[in-house]
Amino acid sequence: MGDDPSRPDGTQDLRLPWEEDPEELYEHAPCGYLTTLPDGTIVRVNQTFLTWTGYPRAALVGHRRFRDLLTPGGRSYHDTRYAPSLSMHGDVREVAFDIVCADGRHLPALVNSVLSRDPGGLPRLIRTTVFDATERHGYEQELLTARRAAEASERRVGVLQQIVADLAAAPTEAEAAEAVVRAPGPAFGALDASIWLVDPERDRLFVAATTGPARPGDEEMPRASARPVAEVARRGDLHVVGSVPEADEHFPELAETMRGTGRRTVVLLPLTAGPGSDSGPPDVLGVLVFGFVEQRALSDSELRVVRLLGHQAGQALDRARLYDATRRREQRATFLAETTRALEELPRLLPRARRLAERLVPEVAAWAEVRLRVGPAGVVADAGGPAPDASALAERVAAVIASGEPRFADHEYTEPGCAVLPLTVRGHVLGTLALRPAPGQRLSGACFLGDLADRAALSLENARLYEQERAIARTLQRSLLAGDLPADSRFTVETYYQAAGQDLEVGGDWFDAFRITGDKLGVVVGDVVGRGIDAATTMGQLRSAIRALASAEAGPARLLERLDRFVDRVESARMTTVAYAEINLTACEMTYACAGHLPPLLAEPGSAPRYLLDGRSGPLGSRAAGERIEHRIRLTAGSRILLYTDGLIERRDRPLDAGFEVLARAYARCRDAPLPGLAARLADLLVGRDHGDDVCLLCLAMGTEDRLERSIGADPMQIALLRKDLRGWLAAHAVDEDSSEAVLLACSEAVANAIEHGYRDDPFGTVRVVASVAGGAVEVRVADRGTWRQTREEDSRGRGLRLIRQVMDEVVIARGEGTTVTMRRGRRDGR
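Residues numbered from 1 in each chain as written. Predicted model: local features only at pLDDT ≥ 70, side-chain atom pairs only at ≥ 80, totals over all residues. Heavy atoms only, no water.

Enquirer: Summarise the overall build of the protein chain; cite the residues concerned and give the values.
Expert: Summing up its helical and strand segments, the protein chain has 21 helices and 31 strands in all. What you see for the protein chain is a C-alpha radius of gyration of 55 Å, clearly larger than the 28 Å of a compact globule of 831 residues, by over 25%. Across its three principal axes, the protein chain shows a C-alpha extent of roughly 185 × 75 × 60 Å. Going through the 831 residues of the protein chain one by one, you find that 48% of them count as buried. Put simply, of all contacts in the protein chain between residues at least 6 apart along the chain, 62% involve residues at least 24 apart. Of the roughly 40900 Å² of accessible surface on the protein chain, 51% is carried by carbon and sulfur atoms. Both charge centroids of the protein chain, one from 104 positive and one from 121 negative side chains, sit 7 Å from each other. (Helix = DSSP H or I, 4+ residues; strand = E, 2+ residues; numbered from the N terminus. Rg over C-alpha atoms; globule rule 2.2 N^0.38 Å. Buried < 20%, exposed > 50% of the residue type's maximum accessible area, 1.4 Å probe, protein only. Contact = heavy atoms within 4.5 Å. Areas by Shrake-Rupley, 256 points an atom, 1.4 Å probe, with all protein chains shown as cover. Lys, Arg positive; Asp, Glu negative; His and termini not counted. Charge placed at Lys NZ, Arg CZ, Asp CG, Glu CD.)

Right, dumping it as structure tokens:
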């Protein structure tokens, strides 16, 4: 493109059709101009600046410094950053200051300054331009507000995302509640928060989690309550109480709480699993409550996040509730099954009631009581504590028994503060089950408690029926056991029966002793298979059959054959074991036979006990019974025969032979003991009082011993048994009544002295008594190996030895390794 000489030169200033006044341009420029001295004193200012700030020119020129027109913060920045930078660099660009106008307004401004120096380089003046940044400041504030809102929204979304992640990892309702209750603080700046969950089984709301000082479970309310939490739970709408006066108007109770806790705004958010239907509000699973220390109006975006939080929390709670419900059902089913098994292990009513109460604490409640209307005094068993007020509990129990309907805890911490459920069986209220929760503990749902009460009632009713049957069977068994045993100077019979201590039902063990003829005695011990009333009835039938079938001519073998035919008609008697013996009192012979029963044990004077292993065959009615056989032995005077049932020696943890050895040794140790109480002593030694099987013993002592030899323990209670044995021995030797009474009195006093003085510090000592009749006199010797405290011939009891000398003809005391008292009394009437 060539040069066009006719075109104007663009590099030259265009000439305006009017003259531009430089002063006018300065005064009314689109920015403020200030000229100041180096110390900041204003020496010139244009009209634009004066118009913006409202100052008259005379108020500024020569009177004010530029820094004086700034806010306190601006003056601080002027001194620390602006002035040093201007002095060092010679200029500053776009420094933001707020200029204080004449009317107090703040004018946002951008300031540019240039420092002019003289030829010597010293500061001469400062030229400053001021641009009005009001619109820019507003725009910046809008941007800052939007940025802050975006950051807050991002923070809330981040918190919400974290809460959603936490909820996804929370399998239980409690863990989900803990995750939700932590959200309002970081998301909205809330002071505190608490979450109330709905218990649909009891139609109540309870505190499940909180960030405040209260503990979860400390408070609950009916869903029908007028309190705002319950109202939100019913309606399902978000409710924001914006101020304390608003709370005063609608919820006075909440207003008092807000004043007490320093909260000015409270949000009540329903936790819902989904939107409500056209016919009603959504299903509310709980209510999240959080508050602010300042009065706060939530923005639309915040409210959207709040509602989203409620929806997400509701869905998580719904999932957790389903999981919890499944887990609780499994746990409750397991607990009910284990409780039923545990109760069935104890057949008796009172132990079963106690175990029930113990199993319920603390798994179900802190205190539990089972109260049964059984017997005149009833049955009561409790566990845990503390127990409620007795009168309030009694009133509630009476109401439940009268109505047959359960009464649950009122949860207002008024007495009795417990649930009482009826124990109902077949329409009859057997008793009540009372449960009191610990502080903060909630009782399980009504459905579970009802199932528990039903199972407990059935188990306790079974125990009651079993005990009733047991009492009937016991009465029947006692009535069928031999009552008055035959008495004869030629023999003595001692019997003992002990029921199983660990079994509810009675067994079929029995004994009997009866005269077949005047000179023939029949004794029997048997064991019927089975337990309960049937076994007791069968035992009575067999006992009667044995008495009816026994005869002088038949003998034991023939009797067992007849019993086999009897058993063919009585099926419940099959496999019964029997040890039967007939004793000829004139010939001192015993014929015996055992039908599957344990062998008798014979102890003869001067010999070790031995088992009678002959005359054996199978149980009654068994195919393996074979031919019934019997065996005959001769008995010497003083012999003792022991018949017994298997409960005495059989144990699961030892062989049967070991049981035989234990019995033989125990019987040998007791061979010199008085016959009265011997069977009971053997049972105590071998099985104790709490044995799992019935024990039945019959001990027969034959003839009259020439010498009575007995050893008794250092126990005054043994003296009565010795007197009974000695009395029978004296009667068998035809000692006259006066002499017998004198010997009994003297022997008792001598044995009492030996126990009291010889074995005062040794309860395991033994006193030996030997009595004999020779030369028309009765001689009794009482010996001990104890250490007597007295050295005088007469003991400290004084009259004891004097009494012995008064009733006996001769008394000799010998001391050595112990003390021996020998007493003689002539066989005559009187002295």
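Anyway, onward from the coordinates.
Enquirer: How would you sum up the packing of helix α19 (residues 718-732) against helix α20 (residues 737-758)? Please name residues and give values.
Expert: At a closest axis distance of 10 Å, the pairing of α19 and α20 adopts a crossing angle of 150°. The angle between α19 and α20 falls in the class roughly antiparallel. Our pair here, α19 against α20, has a crossing hand that is right-handed. Taken together, the residues of α20 that come into contact with α19 (itself represented by Ile719, Leu722, Arg723, Leu726, Arg727 and Leu730) are Ser740, Glu741, Val743, Leu744, Leu745, Cys747, Ser748, Val751, Ala752 and Ile755. (Axes fitted to C-alpha atoms, helices over the stretch in contact; angles between N-to-C directions. Parallel < 35°, antiparallel > 145°, perpendicular 65-115°, else oblique. Left-handed = near helix turned anticlockwise from the far one by under 90°.)

Enquirer: Hey, could you go over helix α13 (residues 390-403) for me, with residue numbers and the actual values?
Expert: Its 14 residues place the ends of α13 20 Å apart at the C-alpha level, agreeing with the 20 Å of an ideal helix rising 1.5 Å per residue. Every buried residue belonging to α13 is among Ala392, Leu393, Arg396, Val397 and Val400, and all of these are buried. Down the axis of α13, the sector holding all buried residues measures 135°, keeping them to one side. Every exposed residue of α13 that faces more than 90 degrees away from the buried side is listed here: Ala390, Ser391, Glu395 and Ala402. In the core, the buried residues of α13 are packed alongside β12 (367-372), β14 (419-425) and β15 (428-436). Just downstream of α13 lies Gly404, where phi reads positive at about 75°. (Expected span 1.5 Å × (residues − 1). Arc of directions from axis to C-beta.)

Enquirer: Before we move on, could you go through the sheet that holds strand β21 (residues 601-603) and cite the residues and values that matter?
Expert: On the basis of which strands lie adjacent, the open sheet formed by 5 strands has the order β16-β26-β25-β21-β22 and antiparallel pairing. Taken across any chain shown, the strands that pair with only one partner, and hence form the sheet edges, are β16 (491-498) and β22 (610-611). Where β16 and strand β26 (residues 695-702) come together, 8 bridges link them in antiparallel fashion. Paired with Phe491 across the strands is Met702, a residue of β26. Each of β16, β25 (640-644) and β26 is contacted by helix α18 (residues 678-686), which is oriented at about 35° to β16, the strand it contacts most. (Pairing = 2+ DSSP bridges.)

Enquirer: Give me the nonpolar core: which residues, what numbers.
Expert: With 36 residues, the main nonpolar core has Phe188, Ile195, Leu288, Phe290 and Leu309 as its most contacted residues. Elements with a contribution of two residues or more to this core: α5 (134-168), α6 (173-181), α7 (184-188), β6 (192-199), β7 (204-210), β10 (265-272), β11 (284-292) and α11 (300-344). Looking at this core element by element, the count peaks at 8 residues for α11. (Core = buried A, V, L, I, M, F, W, Y, C linked by side-chain atoms within 4.5 Å.)

Enquirer: Please provide a residue-by-residue account of the packing of aromatic side chains, values included.
Expert: Counted under the stated rule, the structure contains 9 aromatic pairs. Note on Tyr77 and Phe97: the rings are 6.0 Å apart at their centroids and 65° apart in plane angle, and the pair reads as edge-to-face. One end of the pair, Tyr77, is in helix α4 (residues 72-89); the other, Phe97, is in strand β3 (residues 91-100), and 20 residues separate them in sequence. Where Phe290 meets Phe292, the ring centres are 5.8 Å apart and the plane angle is 80°; that geometry is what we call edge-to-face. Considered together, Phe290 and Phe292 belong to a single accessibility category, that of buried residues. Here the aromatic cluster, defined as three or more aromatic residues joined through ring pairs, consists of Phe66, Tyr77, Tyr82 and Phe97. A cation over an aromatic ring shows up here: Arg44 above the ring of Tyr26, its NZ or CZ 4.1 Å from the ring centre. Over the ring of Phe292 we find Arg296; its NZ or CZ atom is 4.8 Å from the centre of that ring. (Phe/Tyr/Trp six-rings, centres within 6.5 Å; stacked < 30°, edge-to-face > 60°. Lys NZ or Arg CZ within 6 Å of the ring centre and 35° of its normal.)

Enquirer: So what's going on with the packing of α6 against α11? Residues and values would help.
Expert: One way to put it is that α6 packs onto α11 with a least axis distance of 8 Å and a crossing angle of 160°. Taken as axis vectors, α6 and α11 run roughly antiparallel relative to one another. Crossing handedness for the pair α6 and α11: right-handed. Two secondary-structure elements touch here, α6 through Glu173, Ala174, Ala176, Ala177 and Val180 and α11 through Ala313, Leu317, Ala320, Arg321 and Asp324. The class makeup of the residues in the contact of α6 with α11 is 7 nonpolar, no polar and 3 charged. (Nonpolar A, V, L, I, M, F, W, Y, C, P; charged D, E, K, R; others polar.)

Enquirer: Go over helix α17 (residues 656-669), please, and point to the residues and values.
Expert: In an α-helix, one turn spans 3.6 residues, which is why side chains three or four residues apart end up on the same side. Given a rise of 1.5 Å per residue, 14 residues ought to cover 20 Å, and the 20 Å separating the end C-alpha atoms of α17 matches this to within 8%. When we look at burial in α17, the residues that qualify are Gly659, Phe660, Leu663, Ala664, Ala666 and Tyr667. Looking straight down α17, one finds its buried side chains confined to an arc of 165°; they lie on one side. Across α17 from its buried face, at more than 90 degrees, point the exposed residues Asp657 and Arg669. Its buried side turned inward, α17 meets β21, β22, β25, α18 and β26.

Enquirer: Account for the sheet that holds β11, naming residues and giving values.
Expert: Read from one edge of the open sheet, 6 strands run β8-β7-β6-β11-β10-β9, paired in antiparallel fashion. Of all the strands in the sheet, the pair left with one neighbour each is β8 (220-222) and β9 (239-241). Strand after strand, the sheet turns through a mean of 20° between neighbouring axes, direction not considered. Pairing of β7 with β8 involves 3 bridges; the strand directions are antiparallel. Along β8, the bridge assignment pairs Phe206 with Glu220. Sheet strands in contact with helix α8 (residues 228-235) are β6, β7, β8, β9, β10 and β11, and its direction is about 135° off that of β11.

Enquirer: So what's going on with the pairing of strand β30 (residues 810-816)? Which residues, and what values?
Expert: Alignment of β30 against strand β31 (residues 818-826), held across 7 bridges, turns out to be antiparallel. Each bridged residue has a counterpart across the sheet, and for Ile813 the counterpart in β31 is Val821. Counted along the chain from β30 to the antiparallel partner β31, the turn is 1 residue long.

Enquirer: Tell me what's going on with unusual backbone geometry, and back it up with residues and numbers.
Expert: When glycine is set aside, most residues are seen to have a negative phi, and most peptide bonds are trans. Going from Val361 to Pro362, the amide bond is cis rather than trans, its omega being 0°. Here Pro362 lies in the loop between α12 (349-360) and β12. Omega for the bond connecting Gly385 with Pro386 falls within 30 degrees of zero, at 0°, which places this linkage in the cis form. Looking at where Pro386 falls in the secondary structure, it is placed in the loop between β13 (379-384) and α13.

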